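Observations on chain architecture
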Amino acid sequence: MSKKFIKTYEDGPVGVIELNRPEVLNALNRQMIDEIVAQLEDYQRNSAIRVIMMKGNGKAFAAGADIEEMKNDTPTSMELADPFAVWDRIASIKKPIITAVNGFALGGGFELALHCDLIVASEDAKFGFPEVKLGVMPGAGGTQLLSKAIGQRKALEWIWLGEQMSANEALELGAINRVTSKELVEEETMRLAHQLAEQAPLSLRLIKEAVDVSSDVPLREGMKLERKNFYLLFDSQDQSEGMQAFVEKRPPHFKGE
Ligand code: HXC
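This section reports on the structure supplied with the text. (Residues numbered from 1 in each chain as written. Predicted model: local features only at pLDDT ≥ 70, side-chain atom pairs only at ≥ 80, totals over all residues. Heavy atoms only, no water.)

So, about the site of the ligand. Taken together, 24 residues form the shell around the ligand, and within it K59, A63, A65, I67 and G108 come nearest. A distance of 2.8 Å separates an oxygen atom of the ligand from a polar atom in the side chain of K59. Here A65 contributes a backbone N or O atom positioned 2.8 Å from an oxygen atom of the ligand. Considered on its own, the ligand offers 1,000 Å² of accessible surface; in the complex 63% of this is hidden by protein. (Near = heavy atom within 4 Å. Polar contact = N/O pair within 3.5 Å; in protein donor to acceptor, adjacent residues only side chain to side chain. Areas by Shrake-Rupley, 256 points an atom, 1.4 Å probe, with all protein chains shown as cover.)

Structure below.
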């Protein structure tokens, strides 16, 4: 697929996706979401890539779904095009996805960040769900993912009011992972991506799977999956390497096998 609305490049083991519609604050039209998801899947298949990093540009990460594109939709046009179905495919990406949020992350833009595993924000970033002010509501998982991250009561208040929150408020609530200066947000996110890329890839993958199910399945089921994943890792060369390196008092070299 040709990429009109994103830029992509690789920084060693880190595959980068840069949202690229700065003239409309990276408003997410449907083709752009298709491109993002297709690229995530490309990186998932590419064995040289261990971690995926997403970022915005200019004044925004993304100021939401493209209101121009959406404004004349009807229930029937939505049902036929089912534009949000493609978002479900993000959940099947097994590699870590971390995102650098600069400027606005609103509506669908905040939802996109919440679909990522870790969120690093610049101190001037603004998060929020303004949909209520447009007479609609979040539609790509925002009500669920925010409630999961910060609890129902705070999520309800935030989404009802439609207000923007600062990066520090979002951090305090547990909606994001880290806040950095504006100048350092990309560098810090890339540093974190490289740090993750040095960990054993199969461990990262099975940890992500176990943590992801924790809010969807009963405790015992989640613990069973965790135990299975733990046992499974003892089939990997990286488990032998990690434990041997410890015994030999040297750093491990993980291959993802
Ligand atoms: C289409 C958008 C847009 C959007 C900004 N633009 N957000 N176009 N869809 N979501 C365009 C503006 O029309 C403008 O184009 C240009 O980007 C710059 O924006 P300004 O408004 O001039 O910038 P500023 O004054 O700095 O205000 C920034 C802003 C404001 C506060 C972020 O743009 C804003 O409120 N945007 C809409 C935010 C929003 O409601 N998002 C939720 C969308 S619904 P021109 O051509 O005039 O220069 C949604 C549903 C999700 O996300 C459903 C699941 C996917």
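Once you've had a look at it, read on.
Paired through backbone hydrogen bonds, the strands of a sheet run either parallel or antiparallel to each other. If you walk across this open sheet you meet the six strands as β1-β2-β3-β5-β7-β10, and the pairing is mixed. Each edge of the open sheet carries a strand with a single partner, namely β1 (6-11) and β10 (178-180). Ignoring strand direction, the axes of neighbouring strands in this sheet form an average angle of 20 degrees. (Pairing = 2+ DSSP bridges. Helix = DSSP H or I, 4+ residues; strand = E, 2+ residues; numbered from the N terminus. Axes fitted to C-alpha atoms, helices over the stretch in contact; angles between N-to-C directions.)

Applying the stated criterion to the full structure yields four aromatic pairs. Ring centres of F110 and W158 lie 5.4 Å apart, and the angle between their planes is 55 degrees; this geometry places the pair in the tilted category. Remark: W158 occurs in helix α6 (residues 152-161) and F110 occurs in helix α4 (residues 108-115); sequence separation between them is 48 residues. Each member of the pair, F110 as well as W158, carries the same accessibility label: buried. (Phe/Tyr/Trp six-rings, centres within 6.5 Å; stacked < 30°, edge-to-face > 60°. Buried < 20%, exposed > 50% of the residue type's maximum accessible area, 1.4 Å probe, protein only.)

Note that K55 resides in strand β3 (residues 51-55). A distance of 2.9 Å separates the side chain of K55 from the side chain of Y9, its partner in a polar contact. Side-chain polar atoms of K55 contact the side chain of E186, separated by 2.8 Å. Excluding anything up to four places from it in sequence, K55 contacts Y9, V16, I17, E18, L19, F61, T99, A100 and E186. (Contact = heavy atoms within 4.5 Å.)

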